[in-house]
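Examining the three-dimensional arrangement
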Amino acid sequence: MLLDKVSSLSRQRIMRAVLRIEADLTVEIPLEELAASVEMSPGHFHRVFVELVGQTPAAYLRRLRLERAAISLMITNAAAVDQASLVGYDSREGFMRAFRRHFRWTPEKFRQRAQHQLCRRLARSRRCGFTADQVQITDQPPRRCAFLRSYDSFLSVAAVSWRMLQLAARLAPSAGAELFGLVYDDDFITSRRHRRYDVCLTIPPDYEPPPPFA
């Protein structure tokens, strides 16, 4: 949700705070510390964060923790109660209550539904002629990137992609620049308005991307 009324510099700063939250979901960073780390007052930081991300920093952290646990339940057979400490909850009971409040199912019921949904997707892919040998999993070297984030909207993705292409044109003399996208969230787990998509461009080590690029 890159809103026109939010300045480019504020967008860049908020996204850098978002990256800090996402780097370690087991850590709760005080609002004042997050704001100070991106050179914003706590009140202004909180208002702009909600406008861009759609949630308060605390709510954003809680949701990502629960969704990370949900992904684990979907793709592994790990015990549901063991997810609590892995995603930053001090007590299993608190985790179980929060999970049920967010997803409306217990973790075990959610696992059943999620794995059933995953099987349906795989079956649908096979009917369309898509096979596992068409998927490649590779280790990629670290890259330094500028990025713009959008949410699950074609117009939003198109808009940020165009702006990223403009930045790429500015960096045309830089050899080997790559443009690519990063998808973080699963359709079954994350609501449409919260699905994250980053349009990324590799940049030279000494280049500082201008706002709003983070």
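Our subject in this report is the structure included herewith.

Conventions we followed
Residues numbered from 1 in each chain as written. Predicted model: local features only at pLDDT ≥ 70, side-chain atom pairs only at ≥ 80, totals over all residues. Heavy atoms only, no water. Helix = DSSP H or I, 4+ residues; strand = E, 2+ residues; numbered from the N terminus. Buried < 20%, exposed > 50% of the residue type's maximum accessible area, 1.4 Å probe, protein only. Areas by Shrake-Rupley, 256 points an atom, 1.4 Å probe, with all protein chains shown as cover. Contact = heavy atoms within 4.5 Å. Pairing = 2+ DSSP bridges. Axes fitted to C-alpha atoms, helices over the stretch in contact; angles between N-to-C directions. Phe/Tyr/Trp six-rings, centres within 6.5 Å; stacked < 30°, edge-to-face > 60°. Lys NZ or Arg CZ within 6 Å of the ring centre and 35° of its normal. Patch = residues over 30% accessible without salt bridge, like charges linked within 9 Å, V, L, I, M, F, W, Y side chains within 5 Å. Salt bridge = Lys/Arg side-chain N within 4 Å of Asp/Glu carboxyl O. Polar contact = N/O pair within 3.5 Å; in protein donor to acceptor, adjacent residues only side chain to side chain.

**Quick notes on the overall build of the chain**
Looking only at helices and strands, the chain has eight helices and three strands in total. Listed by position from the N terminus, the elements making up the chain come as α-α-α-α-α-α-α-β-α-β-β. Burial analysis of the chain (214 residues in total) assigns 37% to the buried set. Split by element, the accessible area of the chain, about 12700 Å² in all, is 55% carbon and sulfur.

**Thoughts on the side chain of Q12**
Here Q12 is to be found in helix α1 (residues 8-23). Dropping the residues within four chain positions of it, Q12 is found in contact with P209, P210, P211, P212, F213 and A214.

**Here's the deal with the sheet that holds strand β1 (residues 145-151)**
On the basis of which strands lie adjacent, the open sheet formed by three strands has the order β1-β3-β2 and antiparallel pairing. Each edge of the sheet is formed by a strand with only one pairing partner; in this case those strands are β1 and β2 (179-183). Neighbour-to-neighbour, the strand axes of this sheet turn through a mean angle of 25°, independent of strand direction. By the bridge criterion, five bridges tie β2 to strand β3 (residues 196-202) in an arrangement that is antiparallel. Within β3, the position partnered with L182 by the bridge is D198.

**Thoughts on the packing of aromatic side chains**
According to the stated counting rule, one finds 10 aromatic pairs in the structure shown. Plain terms: the ring middles of Y89 and F95 are 5.6 Å apart, the flat faces sit at 70° to each other, and that makes the pair edge-to-face. Residue placement shows R65 over the ring face of Y89; its charged tip is 6.0 Å from the ring centre. The ring of F180 is capped by R143, whose NZ or CZ atom sits 5.6 Å from the centre of that ring.

**Topic: a nonpolar patch on the surface**
Residues W162, L165 and L179 make up a contiguous nonpolar surface patch of roughly 330 Å² in combined accessible area. Under the relative-accessibility criterion, L165 is labelled partly exposed at 41%.

**A word on the environment of Y151**
Take Y151: it is sitting in strand β1. Of the residues examined, Y151 reaches a relative accessible area of 6% and is grouped as buried.

**A closer look at the environment of T138**
Inspection of the secondary structure assignment puts T138 in the loop between α7 (107-127) and β1. Within the structure, the side chain of T138 is placed 2.8 Å from the side chain of Q140, a separation counted as a polar contact.

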